[in-house]
Amino acid sequence: MQDNPRATAGKPDSDTMTRLTDYRVLTFDCYGTLIDWEGGIWDALQPLIMQGGRSDVTRAGALLAFARHEHRHEREHPGLRYPDLLARVHRSIAESLGIESSDALDEAFGASVPLWPAFPDTADALRTLKRQYRLVILSNVHRDGFAASNRKLGVEFDAVYTAEDIGSYKPDDANFTYLLSHLRSDFGLEKADILHTAQSLHHDHTPARRFGLANAWIDRQRLSQSGGWGATEKVEAMPETDFIFFSMHEMAKAVRAEAG
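Sequence positions are assigned chain by chain, starting from 1 and proceeding in written order. For a predicted model such as this one, the threshold for reporting local features is a pLDDT of at least 70, and the threshold for listing and counting side-chain atom pairs is 80 or more; totals across whole chains, interfaces and linings nevertheless cover every residue. The side-chain figures draw on all heavy atoms in the structure; neither hydrogens nor water molecules are used.

Turning our attention to the environment of L20. Elements are defined by DSSP. Helices are runs of H or I of four residues or more, strands are runs of E of two residues or more, and each kind is numbered from the N terminus. Summarising the element assignment, L20 is placed in the segment before β1 (25–28). When accessible area is computed with a 1.4 Å probe and restricted to protein chains, residues below 20% of their type maximum are described as buried, those above 50% as exposed, and intermediate ones as partly exposed. In this structure L20 comes out as buried when scored by relative accessible area, which is 1%. The spatial distance from the C-alpha of L20 to the C-alpha of N215 is 9.9 Å, given a sequence separation of 195 residues. In this structure, L20 is in contact with Y133, L195, F243, F245, M251, A254, V255 and E258, ignoring residues within four places of it in sequence. Pairs of residues are marked as contacts when any of their non-hydrogen atoms sit within 4.5 Å.

Here it is, written out as structure tokens:
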């Protein structure tokens, strides 16, 4: 993967110098952007790691295994609800580590989404952004899982579109087709109104650019500055990004400054 030549936080990554306040709706990935899914995944893997007596398993290694197996299972089982998919991912991680899992451990991991914490800056940032934009979720997590997470986020979203509704997982084109169709029919919003806001290059920014959407990269892992990939599958080529921020707090601060 090549380095991003325009990795300045908060600066438009284009020659047109669009402003954050040019958009009417922010469409969000949730997990990794608003919710600390890596912390949640690592915590939820602890029973398996302890059962296997594997003190040598590192957080980075476990998240890498998660990224690899989640991507495979989402591609192979697009209609599977996320708790059931996570249970399969857990079993695959166990096998890759040489640890014997159990149905109970797999199911507990699959049910862990409501326990994943919000990033400390998320709720305040969303309350600020809500004053300027419609806020919409496009998530790979099931409806009940997002509903539990939403209680930690501090705002009411204008719409929530999940993989459970769509029948496929990002980065499948169907998810973004669904998003654009429903934003048009539900709110009269077009592509030019949308700023897709997400952490994952794999799940979100690569397909968003394929669809011609403007995007804001919430680069919590500082991947643009040679950070790690964490629980996200790598991409072959760095997608263009219109804005880069290292937290939701930074983005909300920039919007507040523009809006005056």
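Attention now moves to unusual backbone geometry. Look at the link from K170 to P171: it is a cis peptide, with omega at 15 degrees. Here P171 lies in the loop between α8 (163–166) and α9 (173–187). Non-glycine residue S226 carries a positive phi angle of around 70 degrees. Residue position: S226 is located in the loop between β5 (214–218) and β6 (243–245). We classify S226 as exposed; its relative accessible area is 65%.

Strand pairing is defined by DSSP finding a minimum of two bridges between the two strands. What the six strands build is an open sheet, ordered β3-β2-β1-β4-β5-β6; its pairing is parallel. Each end of this open sheet is capped by a strand with a single partner; those strands are β3 (159–162) and β6. Across the sheet, the axes of successive neighbouring strands diverge by a mean angle of 20 degrees, strand direction being ignored. Where β1 meets strand β2 (residues 134–139), four bridges bridge the pair, whose relative direction is parallel. By the bridge assignment for β2, L26 is matched with L135. Note on geometry: axes are C-alpha line fits, over the in-contact stretch for helices, and angles between N-to-C directions span 0 to 180 degrees.

In a regular helix each residue adds 1.5 Å, so 18 residues correspond to 26 Å; helix α3 (residues 59–76) covers 26 Å between its end C-alpha atoms and thus fits that length. If you check which residues of α3 are buried, you get A62, L63, A65, F66, A67, H69, E70, H73 and E74. Among the structural elements, α1 (37–44), α4 (82–97), α5 (103–110) and α10 (201–210) are those in contact with the buried residues of α3. Expected span of a helix, by definition, is 1.5 Å for each gap between consecutive residues, and there is one gap fewer than residues.

Now for helix α7 (residues 143–150). Turning to α7, its buried residues are G145, F146, A148 and S149. Along the axis of α7, the buried positions cluster into a sector of 155 degrees, meaning they face one direction only. The arc under discussion is defined with respect to the helix axis, by the directions toward the C-beta atoms.

Further remarks concern the packing of α1 against α3. Interaxial distance between α1 and α3 falls to 10 Å at its minimum, and their mutual angle equals 100 degrees. Taken together, the axis directions place α1 and α3 in an arrangement best described as roughly perpendicular. Two secondary-structure elements touch here, α1 through W37, E38, G39, I41 and W42 and α3 through R59, A62, L63, F66 and E70. Three residue categories are used. Nonpolar comprises Ala, Val, Leu, Ile, Met, Phe, Trp, Tyr, Cys and Pro, charged comprises Asp, Glu, Lys and Arg, and polar comprises the others, including Gly. Among the residues forming the contact of α1 with α3, the class breakdown is six nonpolar, one polar and three charged. The labels follow the angle: roughly parallel below 35 degrees, roughly antiparallel above 145, roughly perpendicular from 65 to 115, and oblique for the rest.

Its location among the elements puts P207 in helix α10. When the C-alpha positions of P207 and L26 are compared, they lie 16 Å apart, and in sequence the two are 181 residues distant. Residues within four places of P207 in sequence aside, it is in contact with P171, F176, L201 and H202.

This next bit is on the pairing of β2. A large share of β2 lies buried, amounting to five of its six residues. Two strands pair when backbone bridges link them, and β2 and β3 are joined in this way by four bridges, in the parallel orientation. Each bridged residue has a counterpart across the sheet, and for S139 the counterpart in β3 is T162. By convention, orient the strands away from the viewer: a clockwise path from the first strand over the helix to the second makes the crossover right-handed. Note on the crossover from β2 through α7 to β3: the handedness is right-handed.

The rule for a salt bridge is simple: a side-chain nitrogen of Lys or Arg has to be within 4 Å of a carboxyl oxygen of Asp or Glu. The full count for this structure, using the stated rule, is 18 salt bridges. A salt bridge links E164 to R81; its shortest N-O distance comes to 3.2 Å. Of the two residues, E164 sits in helix α8 while R81 sits in the loop between α3 and α4, which places them 83 residues apart along the sequence. Residue E164 is classed as partly exposed on the basis of its relative accessible area, which comes to 28%. Residue R81 is classed as partly exposed on the basis of its relative accessible area of 32%. As a salt-bridge pair, D121 and R220 come within 3.0 Å of each other at their nearest N and O atoms. Here R220 lies in the loop between β5 and β6 and D121 lies in the loop between α5 and α6 (122–130), a separation of 99 residues in the sequence. Of the two residues, D121 and R220, neither departs from the other in class, the shared state being buried. Shared partners join several salt bridges into a network, and the residues in it are R81, R143, E164 and D165.

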